[in-house]
Amino acid sequence: MDFLIRRYRNLTVLLLVIFAQLLLLAYQVRGNQEARLIRVWAVTGVMPLARLLEGLRGGTAGFLENYFALVGVREESERIKKENTRLKLENQYLKTELATADRVRALGAFQARTPSKLIAARIIGTGSGANSKVVFVDRGSTSGVARGMAVMTEDGIVGKIVATYPTASQVVLITDATFAAGVISQKNRVHGTLKGQGHSVCMIDHVQNEEKVEPGEWFYTSGDDRVLPKGLPVGQVKIARAGKYVQEIYLAPSGLERGLEEVLIVIEGIHQPIPEGPQAQQSLRLLPAPPPEAGVEPTAQSRGLTTEADRLIDRYRRVGAAQKHVFGEGLPGSRPPDFNLNPDAAAGAAAVPPNATKPPAAPPPATSGGTPPGSSNAPRPPSAAAPPAAPTKP
Amino acid sequence: MTLLGERSFRGFGGYRHDRTYWWRPIVLVMVPVAAILFQVYIPLFFHYLTYLELPLLVTVFFSLKRRHPALGVLYGASIGLVQDSLSSNPLGMYGIVKTLVGYFAASVSLRFDVENPAVRFLLGFFFFFFHQFFYWVLARALLGQGLEFVPGETLLFGLMNAAVCVPLFHLLDKL
């Protein structure tokens, strides 16, 4: 020790002197909070150690506490995962049930408004074979189902019963290659035979090239086959073109567009007329025209006739009405109505009593540049057709 | 100034013969006091002389000539504490800085030939810069004072003090 002190005497003196002066500084100086610097130094030097010790103690205690608290968390997590999976499955099941209930409600509504006797059935299986378009339903002979009955949804026909069993029935779909049924078009009443193609599109055969079928036109069952009642929607024409002998018409069956889960079996079919209006499946639904206002006669303007020809026709109609002339009558060479007459003034004169003095005749119209009435160059009234009648339908 | 002893030792550049001096106590007291008074009084009339650190140069001189680090520590501490007592600083700020300057100056004198004017110039410049920088560090670290340290200005004043220390040391050599 003495050797060390002698060896590092100068350095020792330096450190001692500096340390003494540091203490002196610490004793004098007060910090911002009026604490002496030596106290600040002491606290600053000791507190980190205290904080370290407290951190070690707290960390150890927390670790032990968490360790014991986490005992069983794995099992709890597994249980929650299983419960979550079960709840997801249950939720999916309930959603499916809700969708099924909606479809059943729609079928029920359709069943209530159709005159045929229908029973609901559920698809419970499909036929074997890749090309067979056959399904099984859960209604059989015990439910009154017989071979040949039509199967449909509220969107259209699906197929027909080809075999019945006590508790199930086999349905051949209209897309099956063996399916055939009589159909009729909505617009032009063109008869044809619906045939399945083995895929999603059906064909309508036996339609002559001269008959008019347009794409987008609806086909309904015609009842000619004595199997499917008349008036059930079949589908919409996708392609219609002239063929070698008959037209090639391809149709998308409307009854299969939304999949098959529940169907209706026509127990007692009643023929219905082919509806005139558009199908409810059309995406654009038009409202009926608003009724005319009471006491207001529709005019050209109110009907929206705003072109020059519309105004001219309207004037001729009023001129004819004022002179009690019926267009389209009278032989050639008979006296035409005076088209130079002001129809509004004539209507006012016709409204005065019969004993009133007659108003002077209207002066002849200026002929310069004009054309006398009745000449061949005069504007011809729409004699080919009667004056336009008041619109009765929109 | 009395020659206290002479010794030869191996330093940089081969063996050297260095001398150690001793002063009378009155000189050891009056010279630092004069330097401190100069720094206290003269800047009242010549403001630019504020940066002339005569107490520092005196500390360096005595430490260099005495060639004893422990005594250099005592010189520096004493002069620094007196300087502190005359300033608004807490006691010990200049004391610590000049203690270190005294120690390092005495230590340097054991390795270099400090009689050379060029070496004195360099030492004067270096110790002034060290003094100012370390004071700035202490003021920020211990007192929390927001002092500014401008290196360029400090270098300039260091050159001024170095330029002064060469004739001053030559003058003090005569004592």
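Description of the structure in this document. (Residues numbered from 1 in each chain as written. Chains lettered and ligands numbered in written order. Predicted model: local features only at pLDDT ≥ 70, side-chain atom pairs only at ≥ 80, totals over all residues. Heavy atoms only, no water.)

When helices and strands are tallied, chain A shows six helices and 12 strands. Within chain A, the fraction of its 394 residues that count as buried is 27%. Long-range pairs, those at least 24 residues apart, make up 55% of the contacts in chain A between residues at least 6 apart in sequence. Of the roughly 26,300 Å² of accessible surface on chain A, a fraction of 58% belongs to carbon and sulfur atoms. (Helix = DSSP H or I, 4+ residues; strand = E, 2+ residues; numbered from the N terminus. Buried < 20%, exposed > 50% of the residue type's maximum accessible area, 1.4 Å probe, protein only. Contact = heavy atoms within 4.5 Å. Areas by Shrake-Rupley, 256 points an atom, 1.4 Å probe, with all protein chains shown as cover.)

Looking now at the sheet that holds strand E12 (residues 262-268) of chain A. Residues and elements named next belong to chain A. Strand order in this closed barrel of six strands is E1-E2-E5-E4-E3-E12, and the pairing throughout is antiparallel. The sheet shows a mean angle of 45 degrees between the axes of neighbouring strands, taken without regard to direction. Bridge count for strand E1 (residues 117-126) against E12 is six bridges, and the pairing is antiparallel. Across the sheet, Ala121 pairs through a bridge with Val263, a residue of E12. Of the strands in this sheet, E1, strand E3 (150-153) and E12 are in contact with helix H4 (residues 73-113), which crosses E12 at around 25 degrees. (Pairing = 2+ DSSP bridges. Axes fitted to C-alpha atoms, helices over the stretch in contact; angles between N-to-C directions.)

A word on unusual backbone geometry. Despite not being glycine, Arg189(A) shows a phi value in the positive range, around 55 degrees. Inspection of the secondary structure puts Arg189(A) in the loop between strand E6 (180-185) and strand E7 (191-195). A relative accessible area of 33% means that Arg189(A) is categorised as partly exposed. A positive phi angle is found at Arg67(B), which is not glycine, with a value near 55 degrees. By the element assignment, Arg67(B) lies in the loop between helix H2 (54-66) and helix H3 (69-85).

With that settled, the discussion passes to the side chain of Asp176(A). With respect to the element layout, Asp176(A) can be found in the loop between strand E5 (169-173) and E6. In this structure the side chain of Asp176(A) is engaged in a polar contact, spanning 2.5 Å, whose partner is the side chain of Thr178(A). (Polar contact = N/O pair within 3.5 Å; in protein donor to acceptor, adjacent residues only side chain to side chain.)

Before going further, it helps to spend a moment on the pairing of E5(A). One face of the sheet, then the other: side chains in a regular strand alternate in exactly this way. All names here are of chain A. Burial runs high along E5: five of the five residues are buried. The alternating pattern of E5 places Ser169, Val171 and Leu173 on one face and Gln170 and Val172 on the opposite face, and all of these are buried. Strand direction decides the pairing type here: strand E2 (residues 134-137) and E5, joined by four bridges, are antiparallel. Within the sheet, the bridge partner assigned to Val137 lies in E5 and is Ser169. Here strand E4 (residues 156-164) pairs with E5 via five bridges, running antiparallel. The residue of E5 that forms the bridge with Gly159 is Leu173. Linking two consecutive strands that pair antiparallel, namely E4 and E5, is a turn of four residues.

What follows deals with the packing of H2(B) against H3(B). Residue and element names in this part refer to chain B. Where H2 meets H3, the closest approach of the two axes is 9 Å, and the angle between their N-to-C directions is 165 degrees. Here H2 lies roughly antiparallel to H3, going by the angle between them. Judged by the twist between their axes, the crossing of H2 over H3 is right-handed. Of the residues in H3, those in contact with Pro55, Val58, Thr59, Phe62, Ser63 and Arg66 of H2 are Leu71, Gly72, Tyr75, Gly76, Ile79 and Gln83. Broken down by class, the residue content of the contact of H2 with H3 amounts to six nonpolar, five polar and one charged. (Parallel < 35°, antiparallel > 145°, perpendicular 65-115°, else oblique. Left-handed = near helix turned anticlockwise from the far one by under 90°. Nonpolar A, V, L, I, M, F, W, Y, C, P; charged D, E, K, R; others polar.)

Note on interface size: it is often stated as the accessible area lost on association of the parts. Listed by partner, the interface residues are 15 residues for chain A and 18 residues for chain B. Across the chain A to chain B interface the summed buried area is about 1,400 Å²; carbon plus sulfur atoms make up 77%. For the chain A face of the interface with chain B, the top three residues by lost area are Asn10(A), Gln21(A) and Leu25(A), together amounting to 37%. For the pair chain A and chain B, the number of links is zero salt bridges. Listing elements by their share of the side of chain A that touches chain B, those giving two or more residues are helix H2 (9-28) and helix H3 (37-69) of chain A. With 12 residues, the single largest contributor to the side of chain A that touches chain B is H2(A). Across the side of chain A that touches chain B, the residue classes tally to 11 nonpolar, three polar and one charged. (Buried area = accessible area lost by both parts, 1.4 Å probe. Salt bridge = Lys/Arg side-chain N within 4 Å of Asp/Glu carboxyl O.)

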